[in-house]
Amino acid sequence: MEIAGALAAVVAVGVVGLIAIRAIRKRAAGGSHRRAPDAPGDVAPRPAASAGLARSIRSLFRGGANDPWAELEDLLVRADVGPATSARIVASVRERSSNGSDPAALVAEEIRGILGDAADLHLPADGLGVVMVVGVNGAGKTTTIGKLAARLTEQGRKVSLAGSDTFRAAASEQLDAWAKRSGAHLVTQSRGSDPGSVAFDAVKAAQARGSDVLIVDTAGRMHTREPLMEELKKVRRVLEKAVGRTPDETLLVLDATTGQNGIAQARAFGEAVAVTGVALTKFDGTAKGGIVLAVRDQLGVPVKLVGTGEGVTDLEMFDPQAFAQRVIGG
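Note that the coordinates shown come from a computational prediction; the quantities given were computed from them, not determined experimentally.

Caption draft 1: Focus on the overall build of the chain. For the chain, the count of helices and strands is 11 helices and eight strands. Considering the chain as a whole, with its 330 residues, one finds that 45% of them fall into the buried category. Residue pairs in contact within the chain that sit at least 24 positions apart in sequence constitute 74% of those at least 6 positions apart. Surface summary for the chain: the accessible area is close to 16100 Å², and the carbon and sulfur share equals 53%.

Caption draft 2: Just helix α9 (residues 261-273), in detail. If you check α9, its first and last C-alpha atoms are 18 Å apart, about what 13 residues at 1.5 Å a residue would give, namely 18 Å. When we look at burial in α9, the residues that qualify are Gly 262, Ile 263, Gln 265, Ala 266, Ala 268, Phe 269, Ala 272 and Val 273. Contact partners of the buried residues in α9: β1 (129-134), α8 (226-243), β5 (249-255) and α10 (291-299).

Caption draft 3: Molecular detail of helix α3 (residues 83-96). Over its 14 residues, α3 runs 20 Å from end to end, which matches the ideal 20 Å to within 8%, given 1.5 Å per residue. Those residues of α3 that are buried lie in contact with α2 (68-78), α4 (103-115) and α10.

Caption draft 4: Quick look at empty space enclosed by the protein. Here the structure, examined in full by the defined rule, presents two cavities of 30 Å³ or more. Lining the largest cavity are Leu 115, Asp 117, Ala 118, Ala 119, Arg 296, Pro 302, Val 303, Phe 318 and Pro 320.

Caption draft 5: A look at the side chain of Glu 110. You can see Glu 110 is positioned in helix α4. Glu 110 gets classed as buried once you look at its relative accessible area, which sits at 14%. If sequence neighbours within four positions are ignored, Glu 110 has contacts with Ile 89, Ser 92, Val 93 and Arg 96.

Caption draft 6: Representation of the nonpolar core. If you look at the biggest cluster of nonpolar residues, it comprises 85 residues, and the most contacted ones within it are Ile 111, Leu 161, Ile 215, Leu 280 and Phe 323. When near neighbours in sequence (up to four residues on either side) are disregarded, Ile 111 contacts Ile 89, Leu 293, Phe 323, Ala 324 and Val 327.

About the criteria used
Residues numbered from 1 in each chain as written. Predicted model: local features only at pLDDT ≥ 70, side-chain atom pairs only at ≥ 80, totals over all residues. Heavy atoms only, no water. Helix = DSSP H or I, 4+ residues; strand = E, 2+ residues; numbered from the N terminus. Buried < 20%, exposed > 50% of the residue type's maximum accessible area, 1.4 Å probe, protein only. Contact = heavy atoms within 4.5 Å. Areas by Shrake-Rupley, 256 points an atom, 1.4 Å probe, with all protein chains shown as cover. Expected span 1.5 Å × (residues − 1). 1 Å grid on protein atoms, 1.4 Å probe; cavity = no way out; pocket = protein on both sides within 12 Å on 5 of 7 lines; lining within 4 Å. Points joined across faces, edges and corners; volume = space filled by probe spheres on them. Core = buried A, V, L, I, M, F, W, Y, C linked by side-chain atoms within 4.5 Å.

This is the structure in structure tokens:
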């Protein structure tokens with residue numbers, strides 16, 4: 001027993017020593033230990049530049065950076081602007097700033113040029129306007145629909161909702177709760193019903209009650225699953241038949257923290273149902289949000305709405321000029 005105890009002590013000392021050596025080496029290399037973000041309630045620390053567009057770009061050009069152009073490009077990429085768009089912005093700003101112009105102000109100009117003017121929702125002045133809402137599971141689609149319904153109701157419009165997400169459990173209950181909060185009328189069927197049938201019935205019901213806007217919820221779709229995307233196409237065709245024209249708006253709900261995967265989502269949904277605008281969720285102080293530039297620059301789709309919180313009124317029209325000022329920290 002004494003021998004076994006001695007061996008255990010030796011092993012313990014060896015393990016402790018090994019851990020200490022590794023820690024010393026890591027500190028010498030400038031590293032630090034980080035817990036894995038997979039544990040419940042644990043949040044992965046963000047790298048310094050991942051606050052992205054909330055960080056002031058002006059500081060890069062005040063003598064605090066060895067290579068401000070490289071750091072600017074890295075900052076934009078980390079903010080989810082995308083490599084191609086980031087490189088183009090930096091190249092243009094670098095060339096234009098050679099005459100002594102303020103680089104930060106030029107960055108804002110480039111961003112405003114990419115985003116263009118603010119894009120409002122295109123809804124008819126008379127008759128029923130139809131808004132089809134699509135997006136992947138978990139992006140905040142149904143919540144965005146509820147907030148939009150509340151916003152339109154506050155503007156004096158009579159709103160109906162179509163619960164065409166008949167696949168997800170509790171989807172109709174969630175939409176019903178939002179309908180009650182926003183004062184909208186909900187049309188839905190039992191779980192598992194044909195989504196196109198719900199959409200058709202909702203159009204007729206909305207027309208009968210004199211609604212100004214019908215917002216159609218659809219089941220969350222992974223953009224890589226072709227059969228599921230085909231079902232979205234069917235819902236769109238049903239709406240075209242019922243209304244006599246394509247939906248006035250087809251909004252893609254994107255999570256602002258989704259990164260460059262948002263480009264793939266926007267491209268796939270755009271090809272399937274001709275997306276006319278993006279509603280960006282989780283666009284608050286922690287969101288990087290540069291994906292709005294990448295989507296607009298690469299796909300030509302404008303960001304029209306941004307969700308800034310959990311409240312029913314936390315949905316705003318996207319302001320390109322204010323966004324550009326946020327980018328440069330001014």
